[in-house]
Amino acid sequence: MKKVLLFGDPGIDDAIAIIYALLNPEIDLVGVVTGFGNVDEKQATDNAAYLLQLGGRPDIPIIRGAKGPFSGEIVTYYPEIHGPEGLGPIRPPENFTANVRDFNFAFELIRKYKDELTIVDTGRSTSLAAAYLLLGEDIVNSVQDIYLMGGAFNYPGNVTAVAEANFHGDPIATDLVLEKGRDITIIPLNVTNHSIVTPQMIDVISAQQQNPFSTLIKPIYEYYTNAYKELIPGLNGSPMHDAITLFAVVNPHYFQYISRRVRVDTSEKSRGRTIADFRVKPDAEPLVTLDRIALSFDYHAYIKDFMKIMTSSLTHNK
Ligand code: RIB
Ligand code: CA
């Protein structure tokens, strides 16, 4: 079982990733670090708390992360994709128990689990970059590995022609993480745009009623899918950018990778663009300085797993 510290900005696809993690017997979710992104940090925290409560795991710590990017600029949120409160038409209830912690609790978890821990970042990179700055790279790099959802390699962006939303949201932070981090796997739009879940699949999941999420899943999915209809006409469904990143953590063999040193453009004009040198070169770099970029995957294996996990029942004692 993989111990996962998830950084995210729930947000509909982050919400589905949290549900996937809670239901997956191969994932031990040890904490959720919430930050600005799809919604503001406070809303992201409330949404994570609601999902953990619904899943019967209010004990899992929710760690309050970054409220904005390193640049200090005003943040743009995405209510048209994720809904006014980040869960489509659902408004999380106001009073429930949650184990909400300050950011330094993330340091405790990293120190405690070290090489047993996988860090997964499905939101803006600010909180993870702050961990590098405050805790130091030796300690953060003592974790087993790091998975980042973001970027687009020689592939169209989703917030600009060249940039993906997570890496665009705080390019200084993502660049810092890539510069200081080790054992990083990137799951970019090249992969996640193809992680399409169709309305028919969601009908099956919500009809099974095997877990407490079955009534939530359909309305949040429909909101998100309607937004995607506007964004990418002709798509039969919507991509699960963040859930497929967790699928990759426990099923890395279903992906094909290329290893390159990756940086992120922090300039105004092409902000958030991922830069990797794909030229064939005689002097290969040492693997330790390279980042592993997923470029394709086995869609059928992913959907089979997604359906199995999302229609399963909760195992509280995992
Ligand atoms: O570009 C897709 C990513 O941006 C996803 O993580 C989504 O939740 C948003 O944060
Ligand atoms: Ca996200």
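Above: the structure in question.
Keep in mind that this is a model prediction, so the values were computed, not measured. (Residues numbered from 1 in each chain as written. Chains lettered and ligands numbered in written order. Predicted model: local features only at pLDDT ≥ 70, side-chain atom pairs only at ≥ 80, totals over all residues. Heavy atoms only, no water.)

A.B. asks: Hey, could you go over helix H2 (residues 41-54) for me, with residue numbers and the actual values?
C.D. replies: Taking 1.5 Å of rise per residue, the 14 residues of H2 would be expected to cover 20 Å, and the 20 Å separating its terminal C-alpha atoms lies within 8% of that figure. Among the residues of H2, those classed as buried are Glu41, Gln43, Ala44, Thr45, Asn47, Ala48, Ala49, Tyr50, Leu51 and Leu52. Against the buried residues of H2 lie helix H1 (12-23), strand E2 (27-34), strand E3 (62-64), strand E4 (100-101) and helix H11 (214-231). Residue glycine 56 follows H2 closely and has a positive phi angle near 70°. (Helix = DSSP H or I, 4+ residues; strand = E, 2+ residues; numbered from the N terminus. Expected span 1.5 Å × (residues − 1). Buried < 20%, exposed > 50% of the residue type's maximum accessible area, 1.4 Å probe, protein only. Contact = heavy atoms within 4.5 Å.)

A.B. asks: Quick rundown of the packing of helix H4 (residues 104-113) against helix H5 (residues 126-135)? Include the residues and the values.
C.D. replies: Axis separation between H4 and H5 bottoms out at 11 Å; the angle between their running directions is 75°. Taken together, the axis directions place H4 and H5 in an arrangement best described as roughly perpendicular. The segment H4 lies against H5, with Phe107, Ile110 and Arg111 engaging Ala131, Leu134 and Leu135. Tallied by class, residues from the contact of H4 with H5 come to 5 nonpolar, no polar and 1 charged. (Axes fitted to C-alpha atoms, helices over the stretch in contact; angles between N-to-C directions. Parallel < 35°, antiparallel > 145°, perpendicular 65-115°, else oblique. Nonpolar A, V, L, I, M, F, W, Y, C, P; charged D, E, K, R; others polar.)

A.B. asks: Requested: an account of unusual backbone geometry, with residues and values cited.
C.D. replies: Here proline 10 and glycine 11 are connected by a cis peptide whose omega angle stands at -5°. Here glycine 11 lies in the loop between strand E1 (2-8) and H1. The residue lysine 114 is not glycine, and still its phi comes out positive at about 40°. Within the secondary structure, lysine 114 is located in the loop between H4 and strand E5 (117-121). Even without glycine at this site, asparagine 154 takes up a positive phi of about 50°. The topology assignment puts asparagine 154 in the loop between strand E6 (145-149) and helix H7 (165-169).

A.B. asks: Break down a nonpolar patch on the surface for me, with residues and values.
C.D. replies: A cluster of nonpolar side chains, contributed by Phe70, Leu133, Leu134 and Ile172, occupies part of the molecular surface with about 390 Å² of accessible area. Looking at where phenylalanine 70 falls in the secondary structure, it is placed in the loop between E3 and helix H3 (79-82). Taking relative accessible area as the criterion, phenylalanine 70 reaches 34% and is therefore assigned partly exposed. (Patch = residues over 30% accessible without salt bridge, like charges linked within 9 Å, V, L, I, M, F, W, Y side chains within 5 Å. Areas by Shrake-Rupley, 256 points an atom, 1.4 Å probe, with all protein chains shown as cover. Salt bridge = Lys/Arg side-chain N within 4 Å of Asp/Glu carboxyl O.)

A.B. asks: Which residues make up the site of ligand 1, and what values do they have?
C.D. replies: Near ligand 1 lie 13 residues; those nearest to it are Asp13, Asn158, Glu164, Asn166 and Asp242. At 3.1 Å, a side-chain N or O of aspartate 9 approaches an oxygen atom of ligand 1. One of the backbone N or O atoms of threonine 122 is found 2.9 Å from an oxygen atom in ligand 1. A total of 270 Å² of accessible area belongs to ligand 1 in isolation, and the protein chains cover 96% of it. (Near = heavy atom within 4 Å. Polar contact = N/O pair within 3.5 Å; in protein donor to acceptor, adjacent residues only side chain to side chain.)

A.B. asks: Describe the packing of H1 against helix H13 (residues 299-310), naming the residues involved and giving the relevant values.
C.D. replies: In helix packing, the relevant descriptors are the interaxial angle and the interaxial distance, both defined with respect to the helix axes. Between H1 and H13, whose axes approach to 9 Å, the crossing angle comes to 75°. Taken together, the axes of H1 and H13 lie roughly perpendicular to each other. In this structure, H1 uses Ile16, Ile19, Tyr20 and Leu23 to contact H13, whose residues at the interface are Asp305, Phe306, Ile309 and Met310.

A.B. asks: I'd love a proper account of H13, names of residues and values included.
C.D. replies: Between its terminal C-alpha atoms H13 stretches 16 Å, which fits the 16 Å expected from 12 residues at 1.5 Å a residue. On its buried side, H13 packs onto H1, strand E8 (196-197), helix H10 (199-208), H11, helix H12 (241-250) and strand E13 (291-297). The residue sitting at the N-terminus of H13 and contributing the capping side-chain oxygen is aspartate 298; that oxygen lies 3.1 Å from the backbone nitrogen of histidine 300.

A.B. asks: Explain the sheet that holds E4 to me, using residue names and the numbers behind them.
C.D. replies: Pairing in this open sheet of 9 strands is mixed, and the strands run E4-E3-E2-E1-E5-E6-E7-E13-E10 from one edge to the other. The open sheet has two edge strands, E4 and strand E10 (255-260), and neither has a second partner. Here 4 bridges tie E5 to E6, and the two strands are oriented parallel to one another. Looking at the pairing, threonine 118 lines up with aspartate 145 of E6. (Pairing = 2+ DSSP bridges.)

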